[in-house]
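What the coordinates show
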There are 2 protein chains.
Amino acid sequence: MRTRVTDMFGIEFPIFAFSHCRDVVAAVSRAGGMGVLGALYFTPEELEMELKWIDDHVDGRPYGVDVVMPASYAGADLGVDSPQDLVARLQGMIPEGHRKFVDDLLAAHDVPPLGEESDAGRVLLGWTDATARPQVEVALRHPIALLANALGPPPADIVELAHAHGVKVAALASTPRHAVKQAEVGVDVVVAQGTEAGGHTGEISTMVLIPQVVDAVDVPVLAAGGIGDGRQMAAGMALGAEGVWTGSIWLTVEEADTPEMAKRRILEATSRDTVRSRSWTGKPARLLKNEWTDAWESAESPGTLPMPLQFMLISDALRRIGRSDAAELATFPAGQIIGTMNQVKPARDVVFGMVEQYVEAMERLERLTRD
Amino acid sequence: MRTRVTDMFGIEFPIFAFSHCRDVVAAVSRAGGMGVLGALYFTPEELEMELKWIDDHVDGRPYGVDVVMPASYAGADLGVDSPQDLVARLQGMIPEGHRKFVDDLLAAHDVPPLGEESDAGRVLLGWTDATARPQVEVALRHPIALLANALGPPPADIVELAHAHGVKVAALASTPRHAVKQAEVGVDVVVAQGTEAGGHTGEISTMVLIPQVVDAVDVPVLAAGGIGDGRQMAAGMALGAEGVWTGSIWLTVEEADTPEMAKRRILEATSRDTVRSRSWTGKPARLLKNEWTDAWESAESPGTLPMPLQFMLISDALRRIGRSDAAELATFPAGQIIGTMNQVKPARDVVFGMVEQYVEAMERLERLTRD
């Protein structure tokens, strides 16, 4: 199978696998696709260790890193450069009523406190320019083939810096207008992501979005959102994409370090068990629907805060929930495709299964047309 | 192109066109696809006239009729058979606060009253068993090839009756579970419809839904929701469908009797200008997003009523808005595909254009696989 994307990266299959788990990234790249490590949860020091591990386990195959540089967020105009100062300023912007709502919700579900384990340095994650840039600097010290930005067009100087290192740049777009802006700053690949995707996502479905983006830009497009098997891969290519970008399906592979509780819930869920919600980061993201997402939609909800304040508000709460038995509040990004995920397999088998099913779908289509 | 669906109906292209406009239905069937008339807005007498017209203009090609027999609705258990008695009983179930909300909304937009033109007999439309059955009886007196039901599995006796007349039955499903129920009552075709579709629609996207439905039932599946061009048709077939069911794209064809104001707004709209809302019928339906849909989501909204009360409540209001200049309140079903509709063409050109683009998409896919 050959597209501009397989040529660009020297990969066998145009299958991109977004994952926060280094084992998944390396396994997909070794299988002939391209793993992309989500850097969000890592400090620069941790990211350095993760990438070193991937370098040692990827057998020289290309892989990528995904950072989050939102085009807009609260505090972007404060003129504060150090993450520590930024955190202090932003903490002051969180209303007491919001803190009380979260505390009450956790109390109602008997979630124990954290004790001394709170780590204020983590509450921003890589969700601001100030926190994502150090991640980019770390990433560019490794032999990565792709730098992807998950929210809006990447800053022009980052695109230049990546290109100067021989690294291609991708960005996620949920409207044709986003895609055009991204092409203008020089991205090499646009990931057109439909509303059914897990994590931050727009309103337009993959079926409707992909042809609009393909028509709007000259660079190759990857189809994202609802892509989990070879039929969906073939559909994405029929819509004009030159490859697919997948995420949720890697949450339940053998290699994934997804918490057991989350894995179990994903394996049991149907495609109706997700919801687009601002309750995680302040920007709409598709999450597993549960008592957490319901609470933020309830009459008692104070409403969510803008990025990055919402995650700052809930960061400790998420950690407390993760260590408790309150599975009904566990919050994580998940796309509608989770309804079809009900088996744990090695990442390699998922890649090969997708390719095999893609070929079968193509043969079926060719028979229909011939008859 | 040959699938079980083209064989079943003796049609050239597996393209189904849902429309409330008889001219569109006849034009699509004559072009080699299959027009399906939405009966909802017609009294049995009007439907008789529409179908007579189609019989005279379809050149003997097959066409279908779509009715709405919801599996559940308020008043279904009242044991009232005549539409008149049912209307009287149901009117009493509409709270005064809701009537006031609608009146105030229209007053705020300077929408004039109707005068003597209110027609209480229309407020139910074909949205109950009592009002849809007479439509079915009319339809079966005509040489229709397909009877489709838009909300849930059709009653088993209706399926039998249709089959006794040599008429195939289709039903729209928005989850694999719906599809299984429909196959159990004996439908011949399942229309798997994604959330991006206009009108009544579920939550799961077309990309995610189609393979699940294809895997769940043995009868052929049509892909619906977000299908507007030949690339989307090819994608639907790649997902396992044996044809496509389209709706919104026919609103702007030359033959369509869509009100000029609505046509203009659809041609201008982007794919982000729709919203899934209960404000039309009480069940979630994708509508053009405007001040009407916003009002029902506002803090002042009394919330929507269950089907068929919501439409009874707003029926006169919709007519008043349609005759006024309050375009900002005009309410009509529209899918996300409206973002790509910006040209008025004859229905025949849309059919042929879709087929041509389908063939191009297939050729492009075959080249990718060969390389």
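Notes on the structure follow. (Residues numbered from 1 in each chain as written. Chains lettered and ligands numbered in written order. Predicted model: local features only at pLDDT ≥ 70, side-chain atom pairs only at ≥ 80, totals over all residues. Heavy atoms only, no water.)

**Here's the deal with the interface of chain B and chain A**
For clarity, the cut-off: Throughout, a residue-residue contact means that at least one pair of heavy atoms, one from each residue, lies within 4.5 Å. Once two parts are brought into contact, the accessible area they lose, counted with a 1.4 Å probe and summed over both, makes up the buried area. Basic side-chain nitrogens of Lys or Arg form a salt bridge, by our definition, when they fall within 4 Å of a carboxyl oxygen of Asp or Glu. The helix and strand labels rest on DSSP assignments: H or I over at least four residues marks a helix, E over at least two residues marks a strand, and numbering proceeds from the N terminus. Gly is put with the polar residues, along with every residue not named as nonpolar or charged; the nonpolar set is Ala, Val, Leu, Ile, Met, Phe, Trp, Tyr, Cys and Pro, and the charged set is Asp, Glu, Lys and Arg.
The interface of chain B with chain A comprises 43 residues on the first partner and 43 residues on the second. Summed over both sides, the interface between chain B and chain A buries roughly 3700 Å², with carbon and sulfur atoms accounting for 60% of that surface. Its largest share of buried area at the contact with chain A, chain B owes to Met207, Arg231 and Arg272 of chain B, together 18% of the area lost on that side. Counting across the chain B and chain A interface gives 4 salt bridges. For Arg231 of chain A, the salt bridge is made with Asp215 of chain B, and the minimal N-O distance between the two is 2.9 Å. Listing elements by their share of the side of chain B that touches chain A, those giving two or more residues are helix H9 (206-216), helix H10 (230-238) and helix H14 (347-370) of chain B. Top contributing element to the side of chain B that touches chain A by residue count: H14 of chain B, with 8 residues. Taken together, the residues of the side of chain B that touches chain A sort by class into 18 nonpolar, 15 polar and 10 charged.

**As for helix H6 (residues 129-139) of chain B**
Rule in force here: When a residue's accessible area, from a 1.4 Å probe over protein chains only, is under 20% of the maximum for its type it is buried; when over 50% it is exposed; and in between it is partly exposed.
The set of residues buried in H6 of chain B consists of Ala130, Thr131, Ala132, Gln135, Val136, Val138 and Ala139 of chain B. At its buried positions, H6 of chain B is contacted by helix H3 (44-57), strand E3 (64-67), helix H4 (83-91), strand E4 (146-149) and helix H7 (156-164) of chain B.

**A few points about the pairing of strand E11 (residues 285-288) of chain A**
All names here are of chain A. We apply this condition: At least two bridges found by DSSP between two strands is the condition for calling them paired.
In terms of strand pairing, strand E7 (residues 199-200) meets E11 through 2 bridges, oriented antiparallel. Within the sheet, the bridge partner assigned to Gly199 lies in E11 and is Arg286. With 4 bridges joining them, strand E10 (residues 274-277) and E11 adopt antiparallel strand pairing. By the bridge assignment for E11, Thr274 is matched with Leu288.

**Considerations on the relation of the copies chain B and chain A**
As a reminder, the rule being used: The atoms used to superpose the copies are C-alpha atoms, taken from residues with pLDDT of at least 70 in both, and the fit is least squares.
Superposition record for chain B on chain A: RMSD 0.0 Å, screw rotation 180 degrees, translation along axis 0.0 Å. Those values place the two copies in the arrangement expected of a two-fold rotation axis. In terms of C-alpha distance to the rotation axis, chain B has Ala235 of chain B as its closest residue, with the C-alpha 2.0 Å off the axis. A symmetric contact is evident, with 100% of the interface residues of chain B recurring at the interface of chain A.

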